[in-house]
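Descriptive structure summary
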Amino acid sequence: AQRVTQPEKLLSVFKGAPVELKCNYSYSGSPELFWYVQYSRQRLQLLLRHISRESIKGFTADLNKGETSFHLKKPFAQEEDSAMYYCALLRSGTYKYIFGTGTRLKVLA
Amino acid sequence: DVKVTQSSRYLVKRTGEKVFLECVQDMDHENMFWYRQDPGLGLRLIYFSYDVKMKEKGDIPEGYSVSREKKERFSLILESASTNQTSMYLCATSSNTEAFFGQGTRLTVV
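Conventions adopted
- Residues numbered from 1 in each chain as written.
- Chains lettered and ligands numbered in written order.
- Predicted model: local features only at pLDDT ≥ 70, side-chain atom pairs only at ≥ 80, totals over all residues.
- Heavy atoms only, no water.
- Contact = heavy atoms within 4.5 Å.
- Buried area = accessible area lost by both parts, 1.4 Å probe.
- Salt bridge = Lys/Arg side-chain N within 4 Å of Asp/Glu carboxyl O.
- Polar contact = N/O pair within 3.5 Å; in protein donor to acceptor, adjacent residues only side chain to side chain.
- Helix = DSSP H or I, 4+ residues; strand = E, 2+ residues; numbered from the N terminus.
- Nonpolar A, V, L, I, M, F, W, Y, C, P; charged D, E, K, R; others polar.
- Pairing = 2+ DSSP bridges.
- Axes fitted to C-alpha atoms, helices over the stretch in contact; angles between N-to-C directions.

Observations regarding the interface of chain B and chain A
In this assembly, 23 residues from chain B lie in contact with 17 residues from chain A. Roughly 1800 Å² is buried in total at the junction of chain B and chain A, and carbon and sulfur atoms are behind 53% of that figure. Looking only at chain B, the three residues that lose the most surface to chain A are B:Leu43, B:Thr97 and B:Phe101, adding up to 26% of its buried area. The tally of links from chain B across to chain A stands at 3 salt bridges. In this structure, the connection of chain B to chain A is made through 9 residue pairs in polar contact (both at pLDDT 80 or more). Listed by contribution, the elements that provide at least two residues to the side of chain B that touches chain A are strand 4 (31-38), strand 5 (42-51), strand 9 (87-94) and strand 10 (99-101) of chain B. Looking at the side of chain B that touches chain A residue by residue, the classes come out as 10 nonpolar, 10 polar and 3 charged.

A closer look at unusual backbone geometry
All names here are of chain B. Here Asp28, not a glycine, exhibits a phi torsion of approximately 60°, which is positive. Inspection of the secondary structure assignment puts Asp28 in the loop between strand 3 (19-25) and strand 4. With a phi close to 65°, Lys53 is a non-glycine residue in the positive phi region. Tracing the sequence through the fold places Lys53 in the loop between strand 5 and strand 6 (54-57).

Quick notes on the sheet that holds strand 8 (residues 73-78) of chain B
In a beta sheet, neighbouring strands pair by backbone hydrogen bonds and run either parallel or antiparallel. Residue and element names in this part refer to chain B. Read from one edge to the other, the open sheet built from 4 strands follows the order 1-3-8-7, with strand pairing classed as antiparallel. Across the chains shown, the open sheet's two edge strands, defined by having one partner strand only, are strand 1 (4-6) and strand 7 (64-70). If you compare each strand with its neighbour and ignore which way they point, the axes differ by 20° on average. Summarising the sheet, strand 1 and strand 3 pair through 3 bridges and their orientation is antiparallel. When the bridges of strand 3 are listed, Thr5 appears paired with Val24.

Below is the structure:
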């Protein structure tokens, strides 16, 4: 079955601490994976995609095909990182995404 | 910037009413989507349209229908609203590299 799993509903860290939001996937083909973020009172938006291999707002994510994971990491959390984060997989040959259940990140002062 | 605009931010409807949620995009994208966003359940795809008058069921289509008469407009219809359809509804469009979302419509069915 095609699935994206985010095991943590809520993750609380202190400002300046490292952050890792976990994402695991189950997919038979070659996956395209994304992280989307929703800040308070804002619309859901793309944070980063694995094929770009870029760092956005200090966040990085590496696709690990062996572990079927795409964890989102940031070495030093900021208060403005507090948001809802969704891991998503794009079904091959379509424009349809499978979203995880989301992780709410709270960065405490 | 891509603009995906949903007609209402908040709606309150009565059980049994027919409800229309409207979405308009200005980027000439062929693909448009309707999702439900519920706490602990994430985003679940209701319906998908890949062209005018073309539609495809998503993962939770029961109780919903859609209409795509023009490329820029994608409507979600609740034929007979029920309390379990109280939710946040998100419209989206996509290129082959990114999905763009509307601001959401919070629907409450009483």
